[in-house]
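Here are the chains, one letter per residue:
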Amino acid sequence: MSSNLPRRSFLMNLVASGAALFTMANAFAAKVEANDPQALALGYVPEASKADTKKFPKYAAGQKCGSCQLYQGGSADHGACALFAGKEVMAAGWCSAYQKKAG
Ligand code: SF4
């Protein structure tokens, strides 16, 4: 039984290190820039209230990445989106692919 302690301790340290690395990677993920080709195609804006309503009349006040089905979260004000691999969008942002989160 006691011979499992070093192994358990090693595994716990491994998990803690992995969590720390994930947090660090998340903190340094690039944010989607306004001139990103995908952002331009989808009309992504970091502030939902600045959505181009002429080009994207689908926008309705109150819609934002933070309440979108495709938003995967992250920090308090930005996080990953399924449509922008390896980059992060602002929780207050919006794009024309917005889908209200269920529930
Ligand atoms: S799909 Fe949703 S979370 Fe992703 S950028 Fe568009 S509105 Fe934001």
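In the block above lies the structure referred to throughout.
Residues numbered from 1 in each chain as written. Predicted model: local features only at pLDDT ≥ 70, side-chain atom pairs only at ≥ 80, totals over all residues.

Novice: Got a minute to help me understand the sheet that holds strand β4 (residues 87–90) in this structure?
Specialist: Hydrogen bonding along the main chain pairs the strands of a sheet, whether they run parallel or antiparallel. With respect to topology, 4 strands assemble into an open sheet ordered β1-β4-β3-β2, the strand pairing being mixed. Across the chains shown, the open sheet's two edge strands, defined by having one partner strand only, are β1 (30–31) and β2 (71–74). Pairing of strand β3 (residues 78–81) with β4 involves 3 bridges; the strand directions are antiparallel. Paired with Ala 80 across the bridge in β4 is Glu 88. (Pairing = 2+ DSSP bridges. Helix = DSSP H or I, 4+ residues; strand = E, 2+ residues; numbered from the N terminus.)

Novice: Please clarify how the environment of Ala 41 should be interpreted in this entry.
Specialist: Note that Ala 41 resides in helix α2 (residues 37–42). Classification of Ala 41 as exposed rests on a count of 12 C-beta atoms within 10 Å. C-alpha separation for the pair Ala 41 and Cys 95, spaced 54 residues apart in sequence, amounts to 9.2 Å. (Buried ≥ 20, exposed ≤ 12 C-beta atoms within 10 Å, placed from the backbone.)

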